[in-house]
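Coordinates in review
For reference, the chains in residue letters:
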Amino acid sequence: MLVMLALVLVGAAVSGTAAHAESNGGVRVMPLGDSITEGTQVPGGYRIGLWQRLAAAGYRNDFVGSQFNGPGSLGDHDHEGHPGWRIDQIDANINGWLNNTRPRTVLLHIGTNDILQNYNVSGAPARLSTLIDHITAAAPDADVLVATIIPLANAGQEAAARNFNAAVPGIVQSKVNAGRRVHLVDMHAALNTGDLIDGVHPTAGGYDKMAATWYAALRAVPGSIGNPGGGSGNLLTNGDLENGTTGWTPFGSATLSSVTGTAHGGSRSLLATGRTAAWNGPGQAVASKLTNGRTYTTAVWARAQSGTATVKTTLAVTANGTTNYVRLTPDGAINANGWTLLTGTATVSWSGTVSAATLYVETTSGTTPFLVDDVSLQ
């Protein structure tokens, strides 16, 4: 009987061109707002630092939205940031977006363009209140984090922004009093005008301050980003590679070495050298840990020892004498200048009895030596 492997791959490597609608199978988070959410001047904006903090801490999250942009250092490029849009424009589309993506958590930073366009500024707080009502009605089980808008360099516009921000805590409290899952985030206090690149949008450092503020706020709201995977959720032995090569063996011809001084997290990583074919690399047996029909999320940090390469993660499953190969992460371009995160989600199923299953990291071509670190299968 042939092995039947069902694969739904929706993750993506963060280096190179990534696929739309990425996911690592985690808690759905919608970054919602205008160009500051989109990342004007610094594509990806605060989402870069937020994603990196979440991934480093072991959280599994799926950024969602109809928009898509950002650099390779951003592991999930989906968002709902619309440059130039005001509160009313977001409100006119919010139901469709929420119905399409069903986020567990919403990060709302909106109102800047109401100020910049001098669009009925006195009515902006009421429009924000209505928008929040529509979000909580369409997604009653979602946590909605509402941020005050960041500073503006123009003195008059900053005064208007401060007036708008002054109304936000009362708006949020009124929703809390009504039993809604709404939370205040003081984003204005996190930045100053020195953090702006053009008087409106943050510098890379300013966006990272926003990321740190969102991250702290999310961690203070139980369930908003799930729980960090840590060691308990990872099916792999020695996934952080801090225990040398324990649990890892070469898949095909390769030499595996534990190295220090070049690690993504902790002090050690795993180096694969002496590869004689592209499919050779570090592997780990997981047959006893798999459940038929389950969806798994894979995360791997990788970098080249020198030069460049394209890597991917694969699961070789043998059942009733036939081996099939499940793609766990898409192709990801790596180099020697830094670590690249590859993530993917796949559903694995088979007929018959599994006799062997190995997760392994390989290149699409060539035998370039490469390193891996912080590998997880959850």
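Residues numbered from 1 in each chain as written. Predicted model: local features only at pLDDT ≥ 70, side-chain atom pairs only at ≥ 80, totals over all residues. Heavy atoms only, no water.

Helix and strand counts for the protein chain stand at seven helices and 17 strands. The C-alpha atoms of the protein chain give a radius of gyration of 23 Å, which matches the 21 Å a tight globule of 378 residues would have. For the protein chain, the spread of C-alpha atoms along the principal axes amounts to about 70 × 40 × 30 Å. Counting across all 378 residues of the protein chain, residues that qualify as buried make up 53%. Across the protein chain, every contact between residues at least 6 apart in sequence was considered, and the portion connecting residues at least 24 apart equals 75%. Summing over all exposed atoms, the protein chain offers an accessible surface of approximately 14200 Å²; the carbon and sulfur share of this is 49%. (Helix = DSSP H or I, 4+ residues; strand = E, 2+ residues; numbered from the N terminus. Rg over C-alpha atoms; globule rule 2.2 N^0.38 Å. Buried < 20%, exposed > 50% of the residue type's maximum accessible area, 1.4 Å probe, protein only. Contact = heavy atoms within 4.5 Å. Areas by Shrake-Rupley, 256 points an atom, 1.4 Å probe, with all protein chains shown as cover.)

Turning to the environment of Thr368, a few remarks are in order. Within the secondary structure layout, Thr368 lies in the loop between strand E16 (354-363) and strand E17 (370-377). Sequence-wise, Thr368 and Gly332 are 36 residues apart; in three dimensions their C-alpha atoms are separated by 14 Å. With residues near it in sequence (within four places) discarded, Thr368 still touches Arg275, Ser306, Thr308 and Ala309.

If you trace the backbone, His79 turns up in strand E4 (residues 78-81). A polar contact is formed between the side chain of His79 and the backbone nitrogen of Gly81, at a distance of 2.8 Å. What His79 contacts, discounting residues up to four positions off in sequence, is Pro31, Thr37, Glu38, Arg47, Val64, Gly65, Ser66, Gln67, Phe68 and Asn69. (Polar contact = N/O pair within 3.5 Å; in protein donor to acceptor, adjacent residues only side chain to side chain.)

Take the sheet that holds strand E14 (residues 322-335) next. With respect to topology, five strands assemble into an open sheet ordered E8-E11-E16-E13-E14, the strand pairing being antiparallel. Two strands close off the open sheet at either side, each with one partner strand: strand E8 (249-251) and E14. Sheet twist, expressed as the mean angle between neighbouring strand axes with direction ignored, is 30 degrees. Bridge count for E8 against strand E11 (residues 281-285) is three bridges, and the pairing is antiparallel. Bridge pairing in E11 places Pro250 opposite Pro282. (Pairing = 2+ DSSP bridges. Axes fitted to C-alpha atoms, helices over the stretch in contact; angles between N-to-C directions.)

What follows deals with the packing of aromatic side chains. On inspection of all chains with the given rule, the structure shows six aromatic pairs. Considering the side-chain rings of Phe251 and Trp279, the 5.6 Å spacing of their centres and the 80 degrees angle between planes classify their relative orientation as edge-to-face. Residue Phe251 is found in strand E8, and its partner Trp279 is found in the loop between strand E10 (268-273) and E11; the two are separated by 28 residues along the sequence. Among the aromatic side chains, those forming a connected cluster through ring pairs are Phe251, Trp279 and Tyr360. Lying over the aromatic face of Tyr119, Arg86 brings its terminal NZ or CZ to 3.9 Å of the ring centre. (Phe/Tyr/Trp six-rings, centres within 6.5 Å; stacked < 30°, edge-to-face > 60°. Lys NZ or Arg CZ within 6 Å of the ring centre and 35° of its normal.)

So, about the pattern of salt bridges. Within this structure, the stated rule accounts for ten salt bridges. A salt bridge links Arg53 to Asp208, with the nearest nitrogen and oxygen atoms 2.9 Å apart. Here Arg53, found in helix H2 (residues 46-56), pairs with Asp208, found in helix H7 (residues 204-219); they are 155 residues apart in sequence, far enough to count as distant. Under the relative-accessibility criterion, Arg53 is labelled partly exposed at 25%. In this structure, Asp88 and Arg86 form a salt bridge, with 3.0 Å as the shortest nitrogen-oxygen distance. You can call Asp88 partly exposed: its relative accessible area is 24%. (Salt bridge = Lys/Arg side-chain N within 4 Å of Asp/Glu carboxyl O.)

Before going further, it helps to examine the sheet that holds strand E15 (residues 340-348). Taken in spatial order, the five strands line up as E9-E10-E17-E12-E15 in an open sheet, and their pairing is antiparallel. For this open sheet the edge positions go to strand E9 (255-260) and E15, each flanked by a neighbour on one side alone. Averaged over all neighbouring strand pairs, the angle between strand axes comes to 35 degrees, with direction disregarded.

Attention now moves to the confidence of the model for the protein chain. Mean pLDDT over the protein chain: 89, with 92% of residues reaching 70 or higher. pLDDT under 50 marks residues 1-20. Its contacts with residues more than four places away, or in other chains, come to 76 contacts. (pLDDT = per-residue confidence, 0-100.)

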